[in-house]
Amino acid sequence: MEKINKQIGIIGAGISGLLACKYMLSKGFNPIVFEARSDVGGVWIKTIASTKLQTPKTMYQFSDFPWPSSVTENFPAQHKVFDYIQSYAQHFDLIKHIRFNTKVVSIEYEGVSDKEIQSYSFWNGNGQPFSFKGKWKIVVDNTENNSIEVHKVDFVILCVGRYCDVPNIPEFPPKKGPEAFHGKVIHSMDYAAMDYESAANFVKGKQVIVVGFQKSALDIAMECSAANGLKNPCTVLYRTEQWNVPANLPWGLPLTCLCLNRFSELLVHKPGEGFLRSLLATMLSPLRWTFSKFVESQINKMHRLAKYGMVPKHDFSQQISSCLIATVPEKFYDRVEEGSIILKKSQSFSFCEEGILVDGEHTSTTTPLKTDVVILATGFRGDQKLRDIFVSQVFQDYKQGSSDETFPLYREIVHPRIPQLAVIGFSESFSNLHTSEMKCQWLAELLDGTFKLPSIKEMENDMVEWDEYLKRSSGEHYRRSCIALPIWYNDQLCKDMGWNPKRKKGFFAELFEPYGPLDYVSPSRSN
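Nothing here was measured: the structure is a model prediction, and the numbers come from that model.

**Student:** Lay out helix H14 (residues 432-447) with the relevant residues and their values.
**Tutor:** The terminal C-alpha atoms of H14 lie 22 Å apart, and with 16 residues this matches the ideal 22 Å at 1.5 Å per residue to within 8%. Across the 16 residues of H14, 15 count as buried, placing the element largely inside the fold. Phi for Gly-449, located one or two positions after H14, is positive at around 85 degrees.

Here's what the structure looks like:
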């Protein structure tokens, strides 16, 4: 195989796209990266002013490019994360492979019919990553010169992410949506896109309601309370209480020490674990319950959740299994205590002229929540963005047939029935950067011929097994592609690549030390 002649089309120059480009180059392939914006970094190009890294920086770093010593804080601010990502791209000379201001309109697989692809027993027909018959056609809108370009590539890597571009807007009954409101309604994406001074002026002196209770909602509420104080308190409208965690548990113990070691994963049943591991997980299940309750009690104590009626009804273990853990901004509940942030629960809401009508309070005498601005921190539709990029209706239907916000992928990387294509950065984990790097290493080895994929039937069975695990472990919170067992997941990737999955030195280190990016340096580099 002449690698230099194999062109790899990479869509997106965020963290996943940069990693994909770097690892494709390391194997001698010819990558071309299409990026709609004018810079690298994806979601880190522009965020809310107060946004910080949610994951400790030791867990959010490239395995071969550590953070500079000048960054001393454990949770760096947005501009430092952005600078770090840019330094990585420059260090490995990736910029020259990126076509900026080129928005991918569509991708279409040519040379093989949908009917023939559906008849395959192996991925791509022969289990190989490349084909003599098929290529991908990428249609690109060059926004610099307003022209349409067409590119043909041998393999496509989708690194479009799930937290940008397509906002998730709640549905409302007729005449009860934003059009009924006489104030302003924006999505958190629009707020983040403002420069910091404009964002501060946008909420200054106004009554603001923020809808949502994940990281963006909490950050925006903090900025609104800082701008307006007690005079115009910010209302946070949420649906479900969450176990949002502090930076550290008591005694300065980071959550990674409790969640990201092998011992913690021995406490849970895992896909494909075998009889002995299953027996051990059953025997240790009381310890997992104890661990979950300990973390819950500490979060409750540190944030005074009971005082504010914010104690979740679900277990912490369920929430962490659905990748819904967010870090609480410092002094958030102090703002709740003083009254500059007001928490209000509602399963649904609608708009009226003066503001918002809350579910359960829709009576003729009900006074609406009067407001000037509503900011919908309600997430994104990454699933829709991923689906709509395909021309083929058959490929689109693979997404539509799956559960809410999930895209079924083997090893969370390839779809068994979509040839010559991989998806990086769509699934979530405790450290998305580290997970994306592991996936790119795995994909590079696959394309280099180090290993072959099993049959389509075997891959689909494996996907079902992982999906069933997620449903059991996350319960009613099952709603997204989540790598809730990062060490066990990485073990599978290591075995595929021919690596030793045991990365620590010594029994106790292997069992109790947290696993992180530096444990997965490629054997070729470590030697």
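**Student:** Give a detailed account of the side chain of Ser-63, specifying residues and quantitative values.
**Tutor:** Turning to its location among the elements, Ser-63 is positioned in the loop between strand E2 (30-34) and helix H2 (78-91). For Ser-63, the side chain forms a polar contact with the side chain of Glu-437, separated by 2.7 Å.

**Student:** Before we move on, could you go through the environment of Ile-424 and cite the residues and values that matter?
**Tutor:** Tracing the backbone through its elements, the reader meets Ile-424 in the loop between strand E16 (421-423) and H14. Residue class for Ile-424 comes out buried when judged on its relative accessible area of 1%. For Ile-424 and Met-438, which are 14 residues apart along the polypeptide, the C-alpha to C-alpha distance reads 9.9 Å. For Ile-424, the contacting residues outside a window of four places in its chain are Ser-16, Ile-157, Leu-158, Cys-159, Ile-413, Ser-436, Lys-439 and Cys-440.

**Student:** So what about the packing of helix H1 (residues 15-26) against H14? Which residues, and what values?
**Tutor:** To describe two helices that pack against each other, one gives the angle between their axes and the distance between the axes. The contact between H1 and H14 brings their axes to 9 Å, and the two run at 30 degrees. The orientation of H1 with respect to H14, classified from their angle, is roughly parallel. Where H1 crosses over H14, the two elements pack in a sense that is right-handed. Residue-level contacts link Ile-15, Ser-16, Leu-19, Ala-20, Tyr-23 and Met-24 of H1 to Leu-433, Ser-436, Glu-437, Cys-440, Gln-441, Leu-443, Ala-444 and Leu-447 of H14. Tallied by class, the residues present in the contact of H1 with H14 amount to ten nonpolar, three polar and one charged.

**Student:** Could you give an account of empty space enclosed by the protein, naming the residues involved and the relevant values?
**Tutor:** A complete count under the given rule lists one cavity of 30 Å³ or more for this structure. There is about 90 Å³ of room inside the largest cavity. Every residue lining the largest cavity is listed: Met-59, Leu-260, Ser-429, Phe-430, Ser-431, His-434, Thr-435, Pro-486, Ile-487, Asn-490, Tyr-515 and Tyr-520. Ranked by the residues each element gives to the lining of the largest cavity, the list is headed by helix H16 (residues 486-497), at three residues. Residues belonging to the lining of the largest cavity are distributed by class as follows: seven nonpolar, five polar and no charged.

What counts and what doesn't
Here the residue numbers are simple positions, counted from 1 along each chain's written sequence. Whole-chain, interface and lining totals are the exception, using all residues; otherwise, since this is a predicted model, local features are given only for residues with pLDDT of at least 70 and side-chain atom pairs are given and counted only at 80 or more. Each side-chain value is worked out from all heavy atoms of the structure, with water and hydrogens disregarded. Secondary structure follows DSSP: runs of H or I at least 4 residues long count as helices, runs of E at least 2 residues long count as strands, and numbering of each begins at the N terminus. By definition here, a helix of n residues has an expected span of 1.5 Å times n minus one. Burial status follows relative accessibility: with a 1.4 Å probe on protein chains alone, a residue under 20% of its type maximum counts as buried, one over 50% as exposed, and anything between as partly exposed. Under this definition, polar contacts are N or O atom pairs within 3.5 Å; protein pairs additionally need one hydrogen-donor-capable and one acceptor-capable atom, and for neighbouring residues in sequence, both atoms have to be side-chain atoms. In what follows, a contact means two residues having at least one pair of non-hydrogen atoms within 4.5 Å. Note on definitions: angles span 0 to 180 degrees between N-to-C directions of axes, and those axes are lines fitted to C-alpha atoms, for helices only across the stretch in contact. Any angle that falls under 35 degrees is termed roughly parallel, while one over 145 is termed roughly antiparallel, one within 65 to 115 roughly perpendicular, and all others oblique. Crossings are assigned a handedness: left-handed for a near helix turned anticlockwise from the far helix by less than a right angle, right-handed for a clockwise turn. As a working rule, the residues Ala, Val, Leu, Ile, Met, Phe, Trp, Tyr, Cys and Pro are called nonpolar, Asp, Glu, Lys and Arg charged, and the rest polar, with Gly in that last group. Here a cavity means grid points, on a 1 Å grid over the protein atoms only, where a 1.4 Å probe fits yet cannot get out; a pocket means an open set of points with protein on both sides within 12 Å along at least five of seven lines; lining residues are those with an atom within 4 Å of a point. Grid points are joined across faces, edges and corners, and a volume is the space filled by probe spheres set on the points.

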